[in-house]
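# Structure at a glance
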Amino acid sequence: MSVIRGGLLVIASVLIFIGFLLMNSLLVVSNSLEYKNIQNELVPVVIDFIGERVNLSNVVDAKFPLMKEYCENNSEFVFNEKEFTFEVSCDSIEQGSEAIIEEIIRDFVDDIYYRDYDCGFIDCFNNGEDIPYFLISENTKNYFENKFYFILSLLFVMAVIMFFLIENKTNFPILLGSLLIVSSFPFMKLNNLISFFAEKSFLNFFTFLFTESYSVAIKVLIFGVFLLLLGIVLKFFKIGFWVSDFISRFSKRQRRGSAPNPNGSNKTEKLSSRKISSTSGK
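All of the points below concern the structure found in this document.

How each quantity is defined
Residues numbered from 1 in each chain as written. Predicted model: local features only at pLDDT ≥ 70, side-chain atom pairs only at ≥ 80, totals over all residues. Heavy atoms only, no water. Disulfide = S-S within 2.5 Å. Helix = DSSP H or I, 4+ residues; strand = E, 2+ residues; numbered from the N terminus. Buried < 20%, exposed > 50% of the residue type's maximum accessible area, 1.4 Å probe, protein only. Salt bridge = Lys/Arg side-chain N within 4 Å of Asp/Glu carboxyl O.

### Looking at the state of the cysteines
- Summed over all chains, the structure comprises one disulfide.
- Through a disulfide, Cys71 is tied to Cys90; the S-S separation comes to 2.1 Å. On the S-S bond that ties Cys71 to Cys90, the torsion sits near -85°, and the link is left-handed. Of the two residues, Cys71 sits in the loop between helix 3 (56–70) and strand 1 (76–81) while Cys90 sits in helix 4 (residues 90–95), which places them 19 residues apart along the sequence.
- Using a relative accessible area of 12% as the deciding quantity, one classes Cys71 as buried.
- Given the relative accessible area of 8%, Cys90 is considered buried.

Rendered as structure tokens:
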């Protein structure tokens with residue numbers, strides 16, 4: 001029975017470790033796709049994308065006198081250039097060409113991230129028009145976030161099963177913490193590794209998905225160390241209670257051995273009284 005239990009514990013540990021790796025991956029992608037994390041990183045990509053089709057600086061300089069005149073009675077200037085439609089506020093126009101270009105880039109970034117792609121994550125890969133920009137959208141962030149919570153729920157169930165499989169319960173947080181710590185190591189340098197292989201290639205686009213790998217690895221590592229220390233503390237408490245209980249039992253035995261026997265004392269008193277009475281009779 002113990003052999004079967006040990007085998008099931010090994011299987012559960014392996015599955016939980018794989019689950020931790022998957023959980024960490026989903027959390028890395030989800031956190032990396034927060035808008036605040038990719039806003040600045042996405043700007044050079046958008047500039048390159050628009051620059052391959054439109055010379056934005058020349059277009060803005062050419063239309064700038066018309067923009068100034070139009071803004072005398074309006075609050076926004078809209079113009080088309082090739083396949084793009086640009087909307088520029090008159091506040092930016094008042095500040096000059098650089099402010100206009102910055103607003104165009106910022107609006108383009110917002111459009112890529114918040115656009116309603118109207119397709120599932122897998123289905124969007126069949127729509128070549130939105131690839132690869134769909135990968136750095138809020139839709140994708142929500143997709144990976146939902147998968148993360150799903151895996152987290154499965155891991156909780158597996159952890160409960162592991163708890164009942166372990167005979168010595170104080171080993172549970174130690175084992176779980178150790179698995180978490182080991183699962184964090186591959187993500188310590190993941191972003192650097194991806195950047196190295198992605199340099200000057202199409203994979204450079206996908207580095208956005210791993211910018212938070214180190215941060216996630218540190219959080220997982222800290223939580224794993226916490227569980228490990230918790231298990232060690234519980235073990236010390238268990239040993240402490242065992243020692244305290246042993247000393248308490250030993251002390252009770254010592255007190256019992258040194259205590260006078262009530263029955264024995266009564267017998268002595270009776271014998272003494274008999275001797276005194278017999279002596280007086282003589």
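Let's pick the thread back up.
### Notes on the pattern of salt bridges
- Inspection of every chain in the model, using the stated rule, returns four salt bridges.
- Among the ionic pairs, Glu34 bridges to Lys141, the shortest N-O distance being 3.7 Å. Residue Glu34 is found in the loop between helix 1 (2–32) and helix 2 (35–51), and its partner Lys141 is found in helix 6 (residues 138–165); the two are separated by 107 residues along the sequence.
- Judged by relative accessible area, Lys141 falls into the buried class, the value being 8%.

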